[in-house]
Each structure stands twice: as C-alpha cells, then as structure tokens.
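Read off the chains here:
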Amino acid sequence: MKNYILIISIITLAFLGCQPAAEQGVDPTGTWRVSFDLGEVSLPTMITISASGENQYTASLVNGEETLDVERVTQNGDTLSLRMAIFDTEMVGVINAEGKWEGTFTNYSRSKDYQIPFSAEKGLENRFRTQDSVAVNDISGRWETYFSPDDAEGGSPGIGIFQQDGKNVKGTFLTETGDYRFLEGVAVGDSLKLSCFD
C-alpha cells in the first residue's frame, strides 16, 4: 500500500512539473503611446515597459517630469495587463499582428463597469501626432487662464506655467483648489495640446 501511494505521488509530481508556463507573446518592452478613446476626443499618455527577468516586466507612466510605477505587469500570450493599485485601475489588451496593443482601461474605484477603450503603438516618441508642424510662438512663462465657459467673467481663474523646448511643452495649471499636476504636450501652429495620466 505504501509503495502504491509513493508511485501515485511520483506520477502526480511528474505531471505537475510538465504543466506549461504562461505563454510568452510579442516582446512588450519599449515606449508606448497610449490613446484613451473618450468619444469626441482621445487622451494620449506615454507608458514605458522594461524587462526585469524572463517573461517578467516593470512599467512606468510618464507625465512630464513625473513617472508613476505600475505595480503589476503580466503577459500571457498576446494579452498584456497592467495593474495600478494606486489608482485601483487596470489596463488589459491584446497585442495584434500589426504590433498595436488594444483593449480596455477599467477604473474599479468608480465601478467595474467604468471602462474606456484604448489603443497603443510602440516606438512613438511624441505624446501627440504633430506631422512635423512647428510652433508659432514660445509660450514659456506664466499665463493668466480662465477655464470654461468661454468668457473670462464666467470662467474659473487659474495660472498656466509652461516651459517650452522647440515644440515640446511641459507645465501645469495652478487653481484655487490645487494644480493640474505634470502636464506634457506640444505647441503646434497657434494651438497648445497638453495631457497627463492621473
């Protein structure tokens, strides 16, 4: 009876040892430009993914001078997932044959049904597509600002603080209730485009 139990145990251990590891898919390392589909507009941000071991990765969200570490990065085949406990959010998507990462961003702090579609491309350095346009002006400095509605009398006041290098711009808005954290973007023609992940 003891021999029978020993044989069964050995067979069981051998079987478990032959279980396949998580399938490794396309190499996700590099810088990704992620666009969140908000309907009429898309909100871009940048994510950098680095290898930390065999099929193990770390990731960071880039907001201008600020980087936010992603707590958990997992890959199973062509599915890549990023879990951000600090925001109680998760990004889960599939890297397709064209190399695009497409999926859904879920904000669990609001609801498991609060989801935003996203798509991402690797190797793009600019947060916004600019088509090599140039800035008309240098907006570096402090700017008196009003947030909607369109007129200053009905708007909410703030101070915009920007630093421009060529067409690349970093900065923030100061308001009576706080600031808009680390914004990054571009000045293109007579327009300013800024975004951050928060």
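Rules and cut-offs
- Residues numbered from 1 in each chain as written.
- Predicted model: local features only at pLDDT ≥ 70, side-chain atom pairs only at ≥ 80, totals over all residues.
- Heavy atoms only, no water.
- Phe/Tyr/Trp six-rings, centres within 6.5 Å; stacked < 30°, edge-to-face > 60°.
- Helix = DSSP H or I, 4+ residues; strand = E, 2+ residues; numbered from the N terminus.
- pLDDT = per-residue confidence, 0-100.
- Contact = heavy atoms within 4.5 Å.
- Buried < 20%, exposed > 50% of the residue type's maximum accessible area, 1.4 Å probe, protein only.
- Core = buried A, V, L, I, M, F, W, Y, C linked by side-chain atoms within 4.5 Å.
- Pairing = 2+ DSSP bridges.
- Axes fitted to C-alpha atoms, helices over the stretch in contact; angles between N-to-C directions.
- Salt bridge = Lys/Arg side-chain N within 4 Å of Asp/Glu carboxyl O.

This part covers the packing of aromatic side chains. Enumeration according to the criterion identifies six aromatic pairs in this entry. A ring pair is formed by Phe-147 and Phe-173, whose centres lie 5.3 Å apart and whose planes are at 75 degrees; its orientation type is edge-to-face. Of the two residues, Phe-147 sits in strand S10 (residues 141-147) while Phe-173 sits in strand S12 (residues 168-175), which places them 26 residues apart along the sequence. Every member of this aromatic cluster is reached through a ring pair, and the members are Trp-32, Phe-36, Trp-101, Phe-105 and Phe-118.

Moving on, we get to the confidence of the model for the chain. Per-chain confidence: the chain averages 81 in pLDDT, with 83% of residues scoring 70 or above. Per-residue pLDDT, averaged within each element of the chain, yields its smallest value for helix H1 (residues 2-17) (32) and its largest for strand S8 (residues 101-107) (96). pLDDT under 50 marks residues 1-22. Its contacts with residues more than four places away, or in other chains, come to three contacts.

Along the chain, Gly-166 turns up in the loop between strand S11 (156-165) and S12. In this structure Gly-166 comes out as exposed when scored by relative accessible area, which is 55%. Along the chain, Gly-166 and Val-134 lie 32 residues apart, while their C-alpha atoms are 7.9 Å from each other.

We now examine the nonpolar core. Counting residues in hydrophobic clusters, the biggest one holds 22 residues, and the most contacted among them are Val-34, Phe-36, Ile-47, Leu-82, Met-91 and Trp-101. Breaking this core down by element, the ones donating at least two residues are strand S1 (30-37), strand S2 (42-53), strand S3 (56-63), strand S4 (66-70), strand S6 (79-84), strand S7 (89-95), S8 and strand S9 (115-122). Beyond its immediate chain neighbours, meaning those up to four positions away, Ile-47 contacts Gly-30, Thr-31, Trp-32, Val-34, Ala-59, Ser-60, Leu-61, Leu-82 and Met-91. Phe-162, Val-169, Leu-183 and Cys-196 belong to the second largest nonpolar core, which has seven residues in total.

The subject of this paragraph is the pairing of strand S14 (residues 183-188). Of all six residues making up S14, six are buried, and the element is well covered by its neighbours. As paired strands, S12 and S14 are joined by four bridges and run antiparallel to one another. Across the sheet, residue Lys-170 finds its bridge partner in S14, namely Glu-184. Here S14 pairs with strand S15 (residues 191-195) via five bridges, running antiparallel. If you follow Glu-184 over to S15, its bridge partner there is Ser-195. The turn joining S14 and S15, which pair antiparallel and follow one another in sequence, is formed by two residues; a positive phi near 60 degrees is taken by Gly-189.

The next point concerns the sheet that holds S7. Taken together, the nine strands give an open sheet; going across it, the order is S4-S3-S2-S1-S9-S8-S7-S6-S5, and neighbouring strands pair in antiparallel fashion. The outermost strands of the open sheet, each flanked by one partner alone, are S4 and strand S5 (72-76). When the angles between neighbouring strand axes are averaged without regard to direction, this sheet yields 25 degrees. Note: S2 against S3, seven bridges, orientation antiparallel. Bridging from a neighbouring strand, Ile-47 pairs with Leu-61 of S3.

This part takes up the pattern of salt bridges. The final tally for this structure, using the stated rule, is four salt bridges. Arg-83 is paired through a salt bridge with Asp-88; the nearest N and O atoms lie 3.1 Å apart.

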